[in-house]
Amino acid sequence: SELIRGFLLSGMPCPSSCPPGLLALMAPGLALMATFSLPSQAGDRRALPVEKPPGVKGRTLILLDVNTKSPVRIISENFLSLQLDPSIIHDGWLDFLSSRRLVTLARGLAPAFLRFAGKRTDFLQFHNVKNPAKSRGGPGPDYYLKNYEDDIVRSDIALDKQKGCKIAQHPDIMLELQREKAAQMHLVLLKEQFSNTYSNLTLTARSLDKLYNFADCSGLHLIFALNALRRNPNNSWNSSNALSLLKYSASKKYNISWELGNEPNNYRTLMGRSVNGSQLGKDYTQLRSLLQLIRTYSRAHLYGPNIGRPRKNVVAFLEGFMKVAGGTVDAVTWQHYYIDGRVAKVTDFLKTRLLDTLSDQIRKIQKVVNTYTPGKKIWLEGVGMTSAGGMNNLSDSYAAGFLWLNTLGLLASQGIDVVVRHSFLDHGHNHLVDQNFNPLPDYWLSLLYKRLIGPKVLAIHVAGLQRKPQPGRVIRDKLRIYAHCTSYHNHNYVRGSITLYIINLHRSRKKIKLAGTLRDKIVHQYLLQPYGKDGLHSKSVQLNGQPLAMVDDGTLPELKPRPLRAGRTLVIPPLTMSFYVVKNVNALACRYR
C-alpha cells in the first residue's frame, strides 16, 4: 500500500515490472487523477492525462512538488524596491520623511532601492540653497502658513544638531497642519495630472539632504532621476542643472545611482517636443561621461530609459536607445500600470486576464534587450496597480494585493531582476503607507514577502484537476503558486527551507497536498486575509486571524506563523493570499547563497 501511495503522490506511472495484481489495485486511484497544470517558474507544465470514469466527480485535491536541485532564476536581493514621487516636494511630505514611524516602515522593507522619480521628474530644478523657509509656498491663510513654516524651521534646526541618522518626532498638531496642506495640494496635483500640464518644481539642497537622510536611515539605496527635458536649441540634453546637483551630492559623499528622465516616449504630449530613442541614448552617453568626471560617481550605476508600456512605437523607441546606449546602462527599465484608476472596480483585481497582461510586455522587452545586449538585467520600475493616482478604497485596499503579489511572482519567475513599487508614500491611492503613516494591505504583503522570500526562484510541478478546454476559449488559472528558497535573512528557518506563496482567486477553498521532496514536512502558514466588515475593500489585514498593526512608532509587529503538522493538507480559503514555509527540506538549491 505504501508503494501505491508513493506512485499516486509522485504522479509517476507504475513501471512495466509491476505485477498485474498491483496494477489492478492502482487502477481506481489513477482513474481519479485528471489533467491539470499551472504556470511554473521554469515555464514547465506537467500534465497527467487520465480519463475519469463515468459518475466520478472531480477531486479538489491538488498535488504539488518543487524542484529543489537547482534554481531556475536568481533575482536581486533588492528585488522588491520602492519609489517616491517628486510630488512630495509640492505637497510638503518630503519635510516629514525624518519621521521615526516612516523610517521604521521603510526599514522593514530593506534591503531595497529607493527611486525618486515620476511624472514631475522632468520639471524638477535643483537650487543649491539651504534656507528652508523662504523658498516654500502653499495654500492656506497667513496664520496657517506662518505657524507651519516656523514649525518646519524649528524641526530642521533640531535635525541639524543630530549626528548620523537624523530622526524627528513631529507633534500631532504639526502633522494635522501638514495633512490640511496636502489635501488642498492634492486637488492641484490631480488637475495637473489629468490635464497633463505640470508646473516647475524646485528641489533645494536642504530637501535633497532630507531625501538622502531618509534613504540612508532606512537602509535603502537612492536612485535619483534627473530632468531630461532641459534641452539645448539642437535638442541635445542641457546638463548644467544636473551638474550642479551632482557636484553638491558629491561634496556630501552621497552614495546615489542615477537615471535620466521619466517615460521619455511621452515627451511630445508633455512639452510638444519629442525626443527619439537614439537621441536619448546620446543623452545617456553624455551623462555617463559627466559621472566619470566626478570621482564620487565615476563608478556609479546608471539605469534607463524607463519607457512606458511597450506598444509598437515604444518598442521602436527602445530599439533606438539600445543601439546607442545599450552598453551604457547597468539595467534596462520600463514601467507598467494595470488599470485606469478613474474607472477601476473591485472585480477588475480578480480577473485572470488582467493578471496575465504583464507576460506579453515582458516578452517584448526581453526580445529587444537580448537582441542588442544579451544578458543585460531588466527592471520594471514605477509599477502601480492603477494609473491616475489610483482610487480610494480600491487601489489601497486588500483587493489590490492580488495584482501586486502576482506581479512579484510573475516577474521573478521570468527573470526580471528588480521591481520598483510606485509608491511608498504619495498624494494618490497607490501607496503602501497612508497620510496618517499607517501601513496599508500592500505594505503588509510586501513585508511578508521581504521576510520570507529569497532571491532563488524554484520550478513547481502541479497535478490535479482543471476544467475541460472548449474551442476558442482560454482557461486562465485562478490558483497561482510560486516557490522560492526561504530568505537567508530570516533566522527562524535553517538554510534549505522553501517558501511557497499562493493566490486563490476562486470563490471556493482549494486543497493542496505536498508531494515528493516536500512530503511529510512541517509547514508554517502565513495566511493574509482582510480584517473588518469591508471585506476586499478593507484597508486593514489579519495574519492567521490576528490583526496587523504597528506596536509603536519604532516597532513593527512580530509576524507569527501558524505551524501545521507534518503531512497535513494545505487548505487555501477563497479570495486570499498566503505564504507557506516548508521547513527542513534541505533543498540543495537553497543551502548556499
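Here is what the cut-offs are and how they apply
Residues numbered from 1 in each chain as written. Predicted model: local features only at pLDDT ≥ 70, side-chain atom pairs only at ≥ 80, totals over all residues. Heavy atoms only, no water. Helix = DSSP H or I, 4+ residues; strand = E, 2+ residues; numbered from the N terminus. Expected span 1.5 Å × (residues − 1). Buried < 20%, exposed > 50% of the residue type's maximum accessible area, 1.4 Å probe, protein only. Salt bridge = Lys/Arg side-chain N within 4 Å of Asp/Glu carboxyl O. Axes fitted to C-alpha atoms, helices over the stretch in contact; angles between N-to-C directions. Parallel < 35°, antiparallel > 145°, perpendicular 65-115°, else oblique. Left-handed = near helix turned anticlockwise from the far one by under 90°. Contact = heavy atoms within 4.5 Å. Nonpolar A, V, L, I, M, F, W, Y, C, P; charged D, E, K, R; others polar. Phe/Tyr/Trp six-rings, centres within 6.5 Å; stacked < 30°, edge-to-face > 60°.

A.B. asks: Would you mind going over helix α6 (residues 172-195) with me for this structure?
C.D. replies: Working note: α-helix, 3.6 residues per turn, so residues spaced by three or four point in the same direction. Here α6 spans 35 Å end to end across 24 residues, near enough to the 34 Å set by a 1.5 Å rise per residue. Of the residues making up α6, those classed as buried are Met174, Leu175, Leu177, Gln178, Lys181, Ala182, Met185, His186, Leu189, Glu192 and Gln193. Directly after α6, the chain includes Asn196, whose backbone phi takes a positive value near 60 degrees.

A.B. asks: Please explain the pattern of salt bridges as it appears in this structure.
C.D. replies: Side-chain pairing between opposite charges can occur once the charged atoms of the two side chains come close. Under the criterion given, the structure shown has 18 salt bridges. Notably, a salt bridge pairs Arg363 with Asp360, separated by 3.8 Å at the nearest N-O pair. Taken together, the positions of Arg363 and Asp360, both in helix α13 (residues 357-372) and three residues apart, correspond to about one turn of that helix. A relative accessible area of 49% places Arg363 in the partly exposed class. Of the residues examined, Asp360 reaches a relative accessible area of 35% and is grouped as partly exposed. In this structure, a network of salt bridges that share partners links the residues Asp85, Arg120 and Glu192.

A.B. asks: Sorry, what's going on with the packing of helix α4 (residues 100-107) against helix α7 (residues 205-218) here?
C.D. replies: For any two helices packed against each other, one specifies the inter-axial angle together with the distance between the axes. Where α4 meets α7, the closest approach of the two axes is 8 Å, and the angle between their N-to-C directions is 50 degrees. Classed by the angle they form, the pair α4 and α7 counts as oblique. For the crossing formed where α4 meets α7, the hand is right-handed. Across the interface between the two elements, Leu102, Val103, Ala106 and Arg107 of α4 pack against Phe214, Cys217 and Ser218 of α7. Considering only residue class, the contact of α4 with α7 consists of five nonpolar, one polar and one charged.

A.B. asks: Would you mind showing me how to read the packing of aromatic side chains here?
C.D. replies: How two aromatic rings sit relative to each other is given by the distance of their centres and the angle of their planes. For the structure on display, the rule yields 19 aromatic pairs. Consider the rings of Tyr212 and Tyr254, whose centres lie 4.1 Å apart with planes at 20 degrees: the pair is stacked. Placement of the pair is Tyr212 in helix α7 and Tyr254 in the loop between α8 (240-251) and β8 (256-260), with a sequence separation of 42 residues. Accessibility classification places Tyr212 together with Tyr254 in one group, the buried group. Centroid distance Tyr398 to Phe402: 5.7 Å. Interplanar angle 85 degrees. Geometry classified as edge-to-face. Phe402 carries the same exposure label as Tyr398, and that label is buried.

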